[in-house]
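# Coordinate analysis (summary)
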Amino acid sequence: MKHMPERVAKARLILFATWILLVGLTIGSVWLSESDNLTSIVVTRVTLGAALLKGHLIAGIYMEMRDGPIAWALAMSGFLVFQTTLLVVILP
Amino acid sequence: MSESLPSNTPLATRGSEERTRELPGGTVIWIFVALELLTFGLFFIASADARRSDPTIFGEGASRLHTLLGAINTGVLLTGGLFVAQAVLANARGAARSTSVWLWGAAASGVVFMGIKLYEYADVLNMGVTLSTNRFWFFYLFITGLHFLHVLAGVFFLVPTAWRASGRAYGPRDATTVEAVAIFWHLVDLIWVFVFPLFYLGQRT
């Protein structure tokens, strides 16, 4: 077994890296939505894709579903994908 | 050398050989999470359907929202999410003071979020907008209002947990409460990451 301080340092790093990614995806989405060169449909699809990725990061790492029961992890992931797909199909 | 950890030790500090695929925070909070995601999911689909029927009204409504404030609030919630995740980690190593500080930080992020949101609501109400103005404002006020109540509930859960954590009420062998509160806060984050693009981004008149 690894020493606890080493594990804690690694876990902290993962949590912080996840936060950087989440904030980066948010800034990227805002920047994209302000772009004049893209159509509404492209912006909607890409920003919802970013939201799906953010949802997976929150569920998988912050909520620890990547280490949770496989059935729950699959149900959560499947729901997020299904919801995003449905939104992309419905939205103009 | 191998040293086994109690079954209720938070997953964050376990090695890969010790993963037991348990639900952090217990099953009840996860059933709640599932119901909440389904409920908000239905509201998202209903608002998307309304937007497809009337893209002009949705475009006009979205153009009156503060994208920058929405983005800042997203960052505030995500930072609160980082804080509660750090609290779970601190609790797993028995650091009572750190656990408490991180939880207070998360509660503060919730208060900041609500302050910014109330400013946005005041701005919208000053424009004479109500729930019955049109379908954009109905869905925006209803969904963000419901989410606002969840943030408020999250702060009400975080404050007593932070208070009790400072008195060593929790720890590596009693992590369920801290984990359950953290899961609730992450749920609030998870819902918002879909609210933000649906109402603030990508709608043009």
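Attention in this report is confined to the structure presented alongside it. Position numbers for residues count from 1 along each chain, tracking the sequence in the order it is written. Chains carry letters from A onward and ligands carry numbers from 1 onward, assigned in written order. Where local features are concerned, this predicted model is filtered to residues with pLDDT of at least 70; where side-chain atom pairs are given and counted, the filter is 80 or more; whole-chain, interface and lining totals use all residues.

## Side note on the overall build of chain B
Rules: Where helices and strands are cited, they refer to DSSP runs of H or I of at least four residues and of E of at least two residues respectively, numbered from the N terminus. Buried means a residue has 20 or more other C-beta atoms within 10 Å of its own C-beta, exposed means 12 or fewer, and partly exposed covers the counts in between; C-beta atoms are placed from the backbone. By definition, residue pairs are in contact when their C-beta atoms, positioned from the backbone, come within 7 Å.
On a plain count of helices and strands, chain B comes out with six helices and zero strands. Ordering the α and β elements of chain B from the N terminus gives α-α-α-α-α-α. Counting all 205 residues of chain B, 43% fall into the buried class. Within chain B, contacts between residues at least 6 apart in sequence are counted, and of these 81% link residues at least 24 apart.

## Here's the deal with the overall build of chain A
Our working rule: The atom set for the radius of gyration is the C-alpha atoms, and the globule formula is 2.2 Å times the number of residues raised to the power 0.38.
Secondary structure summary: chain A contains three helices and zero strands in total. Each helix and strand of chain A, placed in order from N terminus to C terminus, yields the pattern α-α-α. Taking 2.2 N^0.38 as the reference for a compact globule, 92 residues should give roughly 12 Å; the C-alpha atoms of chain A span a radius of gyration of 16 Å, well beyond that estimate. Structurally, chain A occupies a C-alpha span of about 50 × 30 × 10 Å along its principal axes.

## Points about the packing of helix 1 (residues 27–53) of chain B against helix 5 (residues 135–166) of chain B
Residues and elements named next belong to chain B. Keep this limit in mind: What counts as an axis is a line fitted to C-alpha atoms, over the stretch in contact for a helix, and the angles between N-to-C directions run from 0 to 180 degrees. Note on angle classes: values under 35 degrees are labelled roughly parallel, values over 145 roughly antiparallel, values of 65 to 115 roughly perpendicular, and the remainder oblique. Rotating anticlockwise by less than a right angle from the far helix to the near helix defines a left-handed crossing, while the corresponding clockwise rotation defines a right-handed one. All residues other than Ala, Val, Leu, Ile, Met, Phe, Trp, Tyr, Cys, Pro, Asp, Glu, Lys and Arg, Gly among them, are scored as polar; the first ten of these are nonpolar and the last four charged.
One can describe the packing of helix 1 onto helix 5 by two numbers: an axis separation of 10 Å at closest approach and a directional angle of 165°. In terms of axis orientation, helix 1 runs roughly antiparallel to helix 5. Helix-helix and strand crossings are classified by hand; for helix 1 and helix 5 the assignment is left-handed. Two secondary-structure elements touch here, helix 1 through F43, S47 and A50 and helix 5 through R135, F139 and I143. Classifying every residue of the contact of helix 1 with helix 5 by side-chain character gives four nonpolar, one polar and one charged.

## Looking at the interface of chain B and chain A
In this complex, chain B contributes 43 residues to the contact, which on the side of chain A involves 40 residues. Looking at the side of chain B that touches chain A, the elements with two or more residues in it are helix 1, helix 3 (67–92) and helix 6 (176–200) of chain B. Here the element with the most residues in the side of chain B that touches chain A is helix 3 of chain B; it accounts for 10 residues. Among the residues forming the side of chain B that touches chain A, the class breakdown is 22 nonpolar, 12 polar and nine charged.

## Here we look at the packing of helix 1 of chain B against helix 6 of chain B
Packed helix pairs are characterised by how far apart their axes lie and by the angle those axes make with each other. Residue and element names in this part refer to chain B. Across the interface, helix 1 lies against helix 6 with an axial gap of 11 Å and an inter-helix angle of 10°. Here helix 1 is positioned roughly parallel relative to helix 6, judged by the angle of their axes. Between helix 1 and helix 6, the residues in contact are I29, V33, E36, F40, F44 and S47 and A180, I183, F184, L187, I191, F194 and L198, respectively.

## Quick look at the nonpolar core
Note the cut-off: The nonpolar core criterion groups buried Ala, Val, Leu, Ile, Met, Phe, Trp, Tyr and Cys residues into a set whenever they are joined through C-beta atoms within 7 Å.
Among the nonpolar cores identified, the biggest contains 76 residues, and B:V84, B:A87, B:L103, B:A106 and B:A182 are the most heavily contacted of them. Examining the composition of this core, we find that 18 residues originate from one element, helix 6 of chain B, more than from any other.

## Some remarks on the environment of A:T39
With respect to the helices, strands and loops of the structure, A:T39 is situated in the loop between helix 1 (4–33) and helix 2 (40–62). With 10 C-beta atoms counted inside 10 Å, the residue A:T39 sits in the exposed group.

## Observations concerning unusual backbone geometry
The phi dihedral of A:E64 is positive, around 60°, even though this residue is not glycine. Relative to the elements of secondary structure, A:E64 occurs in the loop between helix 2 and helix 3 (70–90). Notably, B:R168 is not glycine yet its phi reads approximately 60°, a positive angle. Looking at the secondary structure, you find B:R168 in the loop between helix 5 and helix 6. Taking the C-beta count within 10 Å as the criterion, B:R168 has 13 such neighbours and is therefore assigned partly exposed.

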